[in-house]
Amino acid sequence: MTEDRVQVEERSAKPTLWVPDFRLFFTARTTSLLGDAALPVAITAAMLEAGYGISGVGYALAAHLGPFAGFMIFGGVLSDRLGARRLMIFADFVRLAVQLTLAALLLTGPPQLWVILTLLAMLGTGGALFQPGVASVTPRLASDVQRANAVLRITESSAVVVGPAVAGGLLALMQPAAVIAFDALTFGASGCCLLLLRLAPLPAPDGPKGSLRGDLYVGWREFVARRWLWQVVAVWMLFQLGSWGPTLTLTNGILVDRLGASTFGLVMSAMGLGSVLGGVIAIKLRPVRPLRAATVAMFFYALIPLSSSFDLSAPMLGACYCVGGASMAFWGVMFHTSVQTYVPVQFLGRVHAYDAAGSLMMKPVGQALAGPVAGVVGAVQLLHIATGIGMLVCLILLLLPAVRNLPRNECVG
């Protein structure tokens, strides 16, 4: 009798992820990310079409990501203070308005560079307000946080597969403005889904609400109290500056020029397909030392910059990008699950903001410097350097005991 009851409980526990509120959140993330995945292809095509070259692509991508990283900390504080859902809705509709403006300007003629960069910076700021809520909402909707993260990673990766392919198709028929307008509508759809979302209340604070400065301090205190967390973020700054940031700029420019926008979109879709596979693997595998397993997987990331440095066929590039995408997705699920299960949910927005800001702040620097540095040392040589730095980052993470030996935590923080 007891055994039957346990079996019934186990069977009934699995479907609890797909409650109505999680479906709404899932739909919001899917539609928003579908447009996000198309946007870099559209930006790349727009900058090259306007004659700004690879350096212009780097400036544009950096302008979008720089404010995202810079304002993330304040987004985390506001998310914990005002409510994650409310702030995410506001950010969605702000980005809807900004991107429609950018699309309209592109339709009327190539805007000046400063106008494009300003609008992209506003988009990045909206993303900084939105992103902390993703981390704090997920553990409030799902009891199995790793499974929820893996499912969200799969849908993010599916968007990466579909988004660039859609962007490539649109660019073959229309101007980049069409892709940017499509992306704007996805923010509107996301905002509407979040309007219908209902979340369980957070635990009541122990004392009166503190000041903005006090909230920043509390978030920082919770962040630095976890050695494994700040060590990962510190190492990731090197990864973004010397490897992933330059790789994004160089591969976008080189592959679009070599293969064309449509084929480039398909290669990027292969990376998204790999990310889907990485998410599926993350659903099945529950390593005792999640960050150790994820770091070993990250060695295969090096296939992305390395393959881009050679004149490979599109199918060969796609295969390398697929494997690299799977490794990065597996890392992402293991890392974010660790953060969401070790950090108390009432601090999660702020801690995630410090994590994301630190992890991303050097990425726009790497993107912006890629063009000028490639002009000195050569684009192929810089991709080889990026490959080596990516491998070095993995070795450093494995040498850090707090990261290597972090045990799996089944409970939400």
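As the structure is a computational prediction, the values presented were derived from the model and not from experiment. (Residues numbered from 1 in each chain as written. Predicted model: local features only at pLDDT ≥ 70, side-chain atom pairs only at ≥ 80, totals over all residues. Heavy atoms only, no water.)

Visitor: I'd like a description of the overall build of the protein chain, backed by residues and values.
Guide: Helix and strand counts for the protein chain stand at 18 helices and 0 strands. Its C-alpha atoms give the protein chain a radius of gyration of 21 Å, within 12% of the compact-globule value 22 Å for 413 residues. Its C-alpha atoms give the protein chain principal-axis dimensions of about 70 × 45 × 45 Å. A fraction of 89% describes how many contacts in the protein chain between residues 6 or more apart in sequence connect residues 24 or more apart. Surface accessibility of the protein chain: about 17000 Å² in total, with carbon and sulfur atoms responsible for 70%. (Helix = DSSP H or I, 4+ residues; strand = E, 2+ residues; numbered from the N terminus. Rg over C-alpha atoms; globule rule 2.2 N^0.38 Å. Contact = heavy atoms within 4.5 Å. Areas by Shrake-Rupley, 256 points an atom, 1.4 Å probe, with all protein chains shown as cover.)

Visitor: A description of the packing of helix α16 (residues 363–377) against helix α17 (residues 379–399) should follow, citing residues and the corresponding values.
Guide: For the pair α16 and α17, the least separation of the axes is 7 Å and the interaxial angle reads 115°. Taken together, α16 and α17 sit at an angle that is classed as roughly perpendicular. Listed contacts from α17 to A370, V373, A374 and V377 of α16 are A379, Q381 and L382. Split into classes, the residues belonging to the contact of α16 with α17 amount to 6 nonpolar, 1 polar and no charged. (Axes fitted to C-alpha atoms, helices over the stretch in contact; angles between N-to-C directions. Parallel < 35°, antiparallel > 145°, perpendicular 65-115°, else oblique. Nonpolar A, V, L, I, M, F, W, Y, C, P; charged D, E, K, R; others polar.)

Visitor: Got a sec to walk through the confidence of the model for the protein chain? Specific residues and values, please.
Guide: Residues with a pLDDT of 70 or more make up 91% of the protein chain, whose mean pLDDT is 81. Confidence drops under pLDDT 50 across residues 1–13; counting only partners more than four residues distant or on other chains, this segment forms 0 contacts. (pLDDT = per-residue confidence, 0-100.)

Visitor: Describe the side chain of Q240, with residues and values.
Guide: Positionally, Q240 belongs in helix α10 (residues 227–259). Setting aside its immediate chain neighbours within four residues, Q240 contacts G245, P246, S359, L360, M362, K363 and G366.

Visitor: So, the packing of helix α4 (residues 72–82) against helix α6 (residues 113–141): which residues are in play, and what are the values?
Guide: Contact geometry of α4 with α6 gives a least axis separation of 7 Å together with a crossing angle of 55°. For the element pair α4 / α6, the angle class is oblique. Along this stretch, α4 crosses α6, giving a crossing that reads as right-handed. Here α4 contributes M72, G75, G76, L78 and S79 to the contact with α6, which in turn contributes A128, L129, Q131, P132, G133 and S136. Looking at the contact of α4 with α6 residue by residue, the classes come out as 5 nonpolar, 6 polar and no charged. (Left-handed = near helix turned anticlockwise from the far one by under 90°.)

Visitor: Which residues make up the state of the cysteines, and what values go with them?
Guide: Inspection of the entire model under this criterion finds 0 disulfides. As a non-bridged cysteine, C320 has C322 as the owner of its nearest cysteine sulfur, 9.9 Å distant. (Disulfide = S-S within 2.5 Å.)

Visitor: Tell me what's going on with the pattern of salt bridges, and back it up with residues and numbers.
Guide: In this structure the tally under the stated criterion is 3 salt bridges. The residue E222 makes a salt bridge to R221 at a minimum N-O spacing of 3.3 Å. Exposure remark for E222: the relative accessible area of 11% places this residue in the buried category. Measuring nitrogen to oxygen at the nearest pair gives 3.2 Å for the salt bridge that ties R226 to E222. A relative accessible area of 14% places R226 in the buried class. Three or more residues are tied together by salt bridges with common partners; here these are R221, E222 and R226. (Salt bridge = Lys/Arg side-chain N within 4 Å of Asp/Glu carboxyl O. Buried < 20%, exposed > 50% of the residue type's maximum accessible area, 1.4 Å probe, protein only.)

Visitor: Before we move on, could you go through the packing of aromatic side chains and cite the residues and values that matter?
Guide: For the structure on display, the rule yields 10 aromatic pairs. On the basis of an interplanar angle of 10° and a centroid distance of 5.0 Å, the ring pair of W236 and W331 is categorised as stacked. Taken together, the residues span a long stretch of sequence, with W236 in helix α10 and W331 in helix α14 (residues 314–342) at a distance of 95 residues. For W331, a relative accessible area of 6% translates into the label buried. Members of the aromatic cluster, joined through ring pairs, are W228, W236, F239, W244, Y301, W331, F335 and Y342. Here the guanidinium or amino end of R95 rests over the ring plane of F130, the centre of that ring lying 4.7 Å away. (Phe/Tyr/Trp six-rings, centres within 6.5 Å; stacked < 30°, edge-to-face > 60°. Lys NZ or Arg CZ within 6 Å of the ring centre and 35° of its normal.)

Visitor: I'd like a rundown of α16, residues and numbers included.
Guide: Between its terminal C-alpha atoms α16 stretches 20 Å, which fits the 21 Å expected from 15 residues at 1.5 Å a residue. At A370, α16 shows its maximal bend, which comes to roughly 40°, and the proline P372 appears one to four places after that position. Of the positions making up α16, those classed as buried are K363, P364, G366, Q367, A370, G371 and A374. Two residues or fewer past α16, G378 is found with a positive phi of approximately 100°. (Expected span 1.5 Å × (residues − 1). Bend = angle between axes of the 7 residues up to and from the residue.)

Visitor: Go over a nonpolar patch on the surface with me, naming the residues and quoting the values.
Guide: Residues L241, V365, L369, V373, V376, V377 and I385 make up a contiguous nonpolar surface patch of roughly 540 Å² in combined accessible area. By residue number, the principal contributor to the nonpolar patch is α16, which donates 5 residues. Of note, V373 is situated in helix α16. On the basis of relative accessible area, V373 is assigned to the partly exposed category, the value being 33%. (Patch = residues over 30% accessible without salt bridge, like charges linked within 9 Å, V, L, I, M, F, W, Y side chains within 5 Å.)

Visitor: Explain the environment of H336 to me, using residue names and the numbers behind them.
Guide: By secondary structure assignment, the location of H336 is in helix α14. Here the alpha-carbon distance between H336 and V233, two residues 103 residues apart in the chain, equals 12 Å. With residues up to four places along the chain from it excluded, the contact list for H336 reads N149, R153 and H352.

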